[in-house]
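Chain and residue survey
Listed here are the chains, written in short residue letters.
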Amino acid sequence: MNYTENYHLPQWDEHDRIMRSDFNRMCADIETGLTQSRASGETLNGRTLDRFCRMAYNHFQLVKNLNQIPAQTGIFYQDPAKDPSNVSGTMQWGGVCFAGSGVSGMNYEKFLELVQVRSQLKAVKDHPERGVPLDFTFRCPVAGVLNRFFLHGRFSNNTPGTPTPCRLTMTDLDTGSVVLSRSIDMAQAGSQGALVYTVNGPFFFHSGSGYRVRLEPLAAVYDMETMFVMDDQTPVYCYFNNSPASASHTFREAAASSGGLLILQCEVGGPKGRLTVTWDGKVLRPAAALPHQDRLGRRYHEYIYVHDGAVPATSTVALRFEDGGSGDFCFYDWGGILL
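Values in this document were obtained by computation on a predicted structure and should not be read as measured data.

Observations regarding the overall build of the protein
A tally of regular secondary structure across the protein gives 2 helices and 24 strands. The buried share of the protein, reckoned over its 339 residues, is 39%. Residue pairs at least 24 apart in sequence account for 77% of intrachain contacts in the protein once pairs closer than 6 positions are excluded. Entry remark: accessible area of the protein is about 18300 Å², with carbon and sulfur atoms responsible for 50%.

Right, here's the structure in full:
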């Protein structure tokens, strides 16, 4: 019996007996080889898909930032605040399309009823360990923004104009994530007297989510005791429309594609808000979520979805948000590119 040069498969001569063991061994060897080849091909295809997705993502980002998008095939980009076609159930909030649940009549007085002050800001000169942070929590049934609040009190034993660093943070109590963090300087011009300080936001909040705001002195420059104050100079702006939000786009191409990439910039808030993204009816899960912050200080995410199967020439991507009675949705933009 002879054998092939590369894979040692049996080659029977005219007078060789065909033994069952030889034949079975040959089939087993072919099975093993095909399985290994397929596994190798799947790895290569995965790598190729990853590279195409990276190229497609970079191309999409370049195109979306053009003032006028040139003629393209297999790509779309939409800012729903500027182009509301095929978008429903949203309203405008600071240049962003918004949908959310809530109730009317929210103002600073009603908002103040939701605030629980856990501790007032206090400092003891040269004894930072005796300092107490301002700490308050709230949970509002409507999404919105608190622009500022006040600290009223007295200070003494101060060296005028000395930097007085404090750390301001805002934490989402439901997720544990810090949504705002920055340093502020509470330096005072005099050596003692009345303290009136404005703590500026904006403090954005989602409907139904709990938050903790904390202002902590990082140095004991002077003696200080203050009280948290809200009045008609500390407006609270709330937003809701109690409507599901939806958007869709249909690709109409000359031929089918091998896959696709969908990029969505948005933020879903509240304990019951639910966003569903589909491609031709198939629910997609994000492959990546990249955090961002807009010009007003709102946090949001860029979600990247990958369609790793064949895409027909006519194909539809869609999203739908349900507020669930306690949720909201900030829709910045979205787009897709075929592979």
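Back to the write-up after that little detour.
Regarding the sheet that holds strand β7 (residues 116-119)
An order of β7-β9-β14-β11-β12 is seen for the 5 strands of this open sheet, with the pairing classed as antiparallel. Each end of this open sheet is capped by a strand with a single partner; those strands are β7 and β12 (178-185). Each adjacent strand pair in this sheet contributes to an overall mean axis angle of 15 degrees, direction not counted. One ladder, built from 6 bridges, connects strand β9 (residues 134-139) with strand β14 (residues 210-217); its direction is antiparallel. Across the sheet, the residue bridging to phenylalanine 138 is tyrosine 211, located in β14.

Description of the pattern of salt bridges
Opposite charge on two side chains allows them to pair when their charged atoms are near. Inspection of the entire model under this criterion finds 6 salt bridges. With its nearest N and O atoms 3.8 Å apart, the salt bridge here joins arginine 214 to glutamate 216. Close ionic contact of glutamate 322 with arginine 320 constitutes a salt bridge, the shortest N to O distance being 2.6 Å. Residue classification places glutamate 322 among the partly exposed residues on the basis of a relative accessible area of 34%. By sharing partners, the salt bridges in this structure join Asp135, Arg212, Arg214 and Glu216 into a single network.

Looking at the pairing of strand β17 (residues 245-252)
Consecutive residues of a regular strand have side chains that alternate between opposite faces of the sheet. In this sheet, β17 lies alongside strand β4 (residues 87-88) in antiparallel orientation, the contact comprising 2 bridges. For serine 88, the partnering residue across the bridge sits in β17 and is serine 246. In this sheet, strand β23 (residues 314-322) lies alongside β17 in antiparallel orientation, the contact comprising 8 bridges. Within β23, the residue paired with threonine 250 across the bridge is threonine 316.

A look at the sheet that holds β4
Two pairing modes exist for strands in a sheet, parallel and antiparallel, and in both the strands are linked by backbone hydrogen bonds. Spatial strand order, β4-β17-β23-β19-β20: 5 strands in an open sheet with antiparallel pairing. Of all the strands in the sheet, just β4 and β20 (282-283) have a single pairing partner and so form its edges. In terms of strand pairing, strand β19 (residues 274-279) meets β23 through 6 bridges, oriented antiparallel. When the sheet's bridge partners are listed, leucine 275 is paired in β23 with phenylalanine 321.

Brief notes about the nonpolar core
If you look at the biggest cluster of nonpolar residues, it comprises 34 residues, and the most contacted ones within it are Phe111, Phe149, Leu151, Met186 and Leu215. Put simply, the parts of the chain that give this core at least two residues each are β9, β10 (143-156), β11 (165-172), β12, β13 (193-205), β14 and β15 (223-229). With 5 residues, the top contributor of residues to this core is β13. If sequence neighbours within four positions are ignored, leucine 151 has contacts with Leu121, Leu134, Met186, Leu195, Val196, Tyr197, Val199, Leu215, Thr226, Met227 and Phe228.

How each quantity is defined
- Going along each chain's sequence as written, the residues are numbered from 1 onward.
- This being a predicted model, a pLDDT of at least 70 is required before a residue's local features are given, and a value of 80 or more before pairs of side-chain atoms are given or counted; all residues contribute to the totals for chains, interfaces and linings.
- The basis for every side-chain value is the complete set of heavy atoms in the structure, and neither hydrogens nor water enter the calculation.
- Runs of E in the DSSP output that reach at least two residues are strands. Runs of H or I that reach at least four are helices, and both are numbered from the N terminus.
- Think of it in three bands: with a 1.4 Å probe and only protein chains considered, a residue is buried below 20% of the maximum accessible area for its type, exposed above 50%, and partly exposed in between.
- We call two residues contacting when some pair of their heavy atoms lies within 4.5 Å.
- Values of accessible area rely on a 1.4 Å probe in the Shrake-Rupley scheme; residue burial ignores everything except the protein chains shown.
- One bridge is not enough; two strands pair if DSSP finds at least two bridges between them.
- For helices, the axis comes from a line fit to the C-alpha atoms of the stretch in contact; other axes are also lines fit to C-alpha atoms, and the angle between any two N-to-C directions lies between 0 and 180 degrees.
- Salt bridge criterion: a side-chain nitrogen from Lys or Arg within 4 Å of a carboxyl oxygen from Asp or Glu.
- By convention a nonpolar core is built from buried Ala, Val, Leu, Ile, Met, Phe, Trp, Tyr and Cys residues, the set being connected through side-chain atoms within 4.5 Å.

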